[in-house]
Amino acid sequence: MADSWVNSAERIGADLHVELSGPGGRRAALIGALREAVRSGRLAPGTRLPPYRSLAADLGVARNTVADAYAELVAEGWLTARQGSGTRVADRVHPLRPAERVPVKAPLRARGPRHDLRQGTPDVSAFPRAAWLASYRRALQRAPNEVFGPGDPAGRRELREALTEYLARARGVRTEPERIVVCSGFAHALRLLCGPGGVLRGPLAVEAYGLGFHRELLAAAGVRTVPLPLDEAGARVDLLGRERAVLLTPAHQFPTGGPLHAGRRAAVIDWARARGAVVLEDDYDGEFRYDRKPVGAVQGLDPERVIYVGSVSKSLSPALRLGWMVLPQRYVDAVLAAKGEREAWASVLDQLSLADFVVSGAYDRHVRRMRQRYRGRRDRLVEALAAQAPHIEVTGVAAGLHAVLRLPAGTERSAVRAAAWHGVALDGLADYRHPETDMAAGDGLVVGYATPSEHGYGAALEALCEALPPPGAETVPARPAPAEPVPAHPAPAEPVPASGGGAAGRRRPRDEGSAGRCAGIP
């Protein structure tokens, strides 16, 4: 049987698309095609052409035909040939620019902010590249052949086993590998849980302040959300009624700060048991607590009544698109069915790399290192405000990657505009408020202190302080006072030196776990 062009081509060759058409023989057609490819710019200067033996096999022509064509184009100056470097398009050859082509002027792009203080993103410059690369190499070397085939919708067993040990040790989660489903983040988890074939149906209770994107996902899935007010102890779970589920951020309420009080943790589990409902726990930054030991997961109280969701978006990078659901046993099959037979979301190689990263201890080392860095960032924020804007209270900073700055009534919008004028990107607290809640509102700014680079953080803080309203800037409140009693404003925190020393009179950031204030809420 005749050998195919695949087997007869030189293995060291490269693909080159050439159409042999036009008058004359094969040699003339090849010269014309190569000359036109160079003239038009399709073959840019410096492009290396395949060896003549390889191209001859690909085109089904004699080797001498290609060799003669190369030689003639070298003589004409279209190509260059050098021993050890092969045949390349000559550097001095420039493609013709057709006269009829009118250059299109690129549209002007709006300049981005000089200082990004938006919440939700870690310090991407601190990604542990060397450690991750080492884990990736080990994972790739040890990976069985099946890894490169269709994936398991539950996720790789290696990662689920690593997560079982880590979550039990670090977050107090009680689970086993069979009850973990790997996903690409919390939004993906919501789509699987509430989309077609999902296990959650409305109405679903949510905290009165939360991420609007999540509410939009739920609304798109046909799930109605019912806002729960917040107070000094967290979400008012005592107001839960006939809802089928409740979405909470109990370790660090997003965005206002503060853990869910222990009594309310027990109360929400009792409600779920009595109603046959489920708690959806978003543990988005549970590892990053600074002033005391991290608060454990609610899931540990009753694994059959809590769906626990976590990811590496805050701890490592949102670019990895790796998260996990720890499910009650009764939901596992339904979630896998909703996900589908083929793993189409999280890269299997990334899963194996994360498994090695966790098992080797590199993940713990990275989290502990970043915990120190973010705590330093938080302290610098508090120190800057104490020195330049002592009338602004900082809350919600005992954990996480952002803080809430409480503003005088009626000044939030003007403060956001002033920040933008100073080149600072940040969000107002009102952006996170549920549109249907009747809870009393308060003015505030949500300031992410993890995103800026280390060398640019000082300038970002200076610009932020310049944008804040001055003392006595309070205006007539834009929103009416609530009908229910509201706790009075707390007294100022006692003056103590912040970590790292500093000027006398510096205030300690309010620890929402002990002070019991819900940040940004009057």
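Each remark here, short or long, concerns the structure printed above.
Residues numbered from 1 in each chain as written. Predicted model: local features only at pLDDT ≥ 70, side-chain atom pairs only at ≥ 80, totals over all residues. Heavy atoms only, no water.

*Asks:* Just give me the short version of the sheet that holds strand β14 (residues 402-406), but keep the residues and values in it.
*Replies:* What the 4 strands build is an open sheet, ordered β13-β14-β17-β16; its pairing is antiparallel. Two strands bound the open sheet, and with one partner strand each, they are β13 (393-395) and β16 (427-428). Where β16 and strand β17 (residues 444-448) come together, 2 bridges link them in antiparallel fashion. Looking at the pairing, G428 lines up with L445 of β17. On top of the sheet, helix α13 (residues 412-421) reaches β16 and β17; it is set at about 35° to β17, its chief contact. (Pairing = 2+ DSSP bridges. Helix = DSSP H or I, 4+ residues; strand = E, 2+ residues; numbered from the N terminus. Contact = heavy atoms within 4.5 Å. Axes fitted to C-alpha atoms, helices over the stretch in contact; angles between N-to-C directions.)

*Asks:* Summarise the sheet that holds strand β9 (residues 245-248); cite the residues concerned and give the values.
*Replies:* Strand pairing within a sheet occurs via backbone hydrogen bonds; the two strands may be parallel or antiparallel. Across the sheet, 7 strands lie side by side as β4-β12-β11-β10-β9-β5-β6; this open sheet has mixed pairing. The open sheet has two edge strands with one neighbour each: β4 (180-183) and β6 (225-228). Along the sheet, successive strands turn relative to each other by an average axial angle of 20°, direction set aside. Here 3 bridges tie strand β5 (residues 204-207) to β9, and the two strands are oriented parallel to one another. Within the sheet, the bridge partner assigned to A205 lies in β9 and is V246.

*Asks:* A description of the layout of surface pockets should follow, citing residues and the corresponding values.
*Replies:* By volume, the second largest pocket is sized at about 600 Å³. At the level of elements, α7 (186-194), β5, α8 (212-220), β9 and β11 (306-311) are the ones that each hand at least two residues to the lining of the second largest pocket. Residue composition of the lining of the second largest pocket, grouped by class: 12 nonpolar, 11 polar and 5 charged. (1 Å grid on protein atoms, 1.4 Å probe; cavity = no way out; pocket = protein on both sides within 12 Å on 5 of 7 lines; lining within 4 Å. Points joined across faces, edges and corners; volume = space filled by probe spheres on them. Nonpolar A, V, L, I, M, F, W, Y, C, P; charged D, E, K, R; others polar.)

*Asks:* Break down the nonpolar core for me, citing the residues and quoting the values.
*Replies:* L316, L354, L405 and L468 are the most contacted members of the largest nonpolar core, which has 60 residues in total. For this core, the element with the highest residue contribution is helix α12 (residues 362-388), accounting for 9 residues. Sequence-distant contacts of L468, defined by excluding residues within four places in its chain, comprise L385, A389, I392, L405, L407 and L445. By size, the runner-up hydrophobic cluster in this structure holds 27 residues, among which are L248, A277, V298 and V404. (Core = buried A, V, L, I, M, F, W, Y, C linked by side-chain atoms within 4.5 Å. Buried < 20%, exposed > 50% of the residue type's maximum accessible area, 1.4 Å probe, protein only.)

*Asks:* Lay out the packing of α12 against helix α14 (residues 457-467) in plain terms, naming residues and giving numbers.
*Replies:* Closest axis-to-axis distance for the α12/α14 pair is 10 Å, and the angle between their directions is 35°. The two elements α12 and α14 meet at a crossing, and its hand is right-handed. Mapping the contact onto sequence places R377, R380, L381, A384, L385 and Q388 in α12 and Y457, G458, L461, E462, L464 and C465 in α14. Looking at the contact of α12 with α14, its residues break down into 7 nonpolar, 2 polar and 3 charged. (Left-handed = near helix turned anticlockwise from the far one by under 90°.)

*Asks:* Report on the packing of aromatic side chains, specifying residues and quantitative values.
*Replies:* Scanning the model with the defined rule gives 7 aromatic pairs in all. Between F254 and Y284, the aromatic rings sit 5.5 Å apart at their centres with planes inclined by 85°, giving edge-to-face as the arrangement. Separated by 30 residues along the polypeptide, F254 in the loop between β9 and α9 (262-275) and Y284 in the loop between β10 (278-282) and β11 bring together distant segments of the chain. For F254, a relative accessible area of 8% gives the class buried. Y284 gets classed as buried once you look at its relative accessible area, which sits at 13%. Ring geometry for F357 and Y363: centres 6.4 Å apart, planes at 75°, overall edge-to-face. Overall, Y363 belongs to the buried group, its relative accessible area being 2%. An aromatic cluster is built from F127, W132, Y166, F357 and Y363, whose rings are joined through pairwise contacts. Over the aromatic face of Y52 sits the side chain of R53, whose NZ or CZ is 5.5 Å from the ring centroid. (Phe/Tyr/Trp six-rings, centres within 6.5 Å; stacked < 30°, edge-to-face > 60°. Lys NZ or Arg CZ within 6 Å of the ring centre and 35° of its normal.)

Any link to function would need more than the numbers given here.
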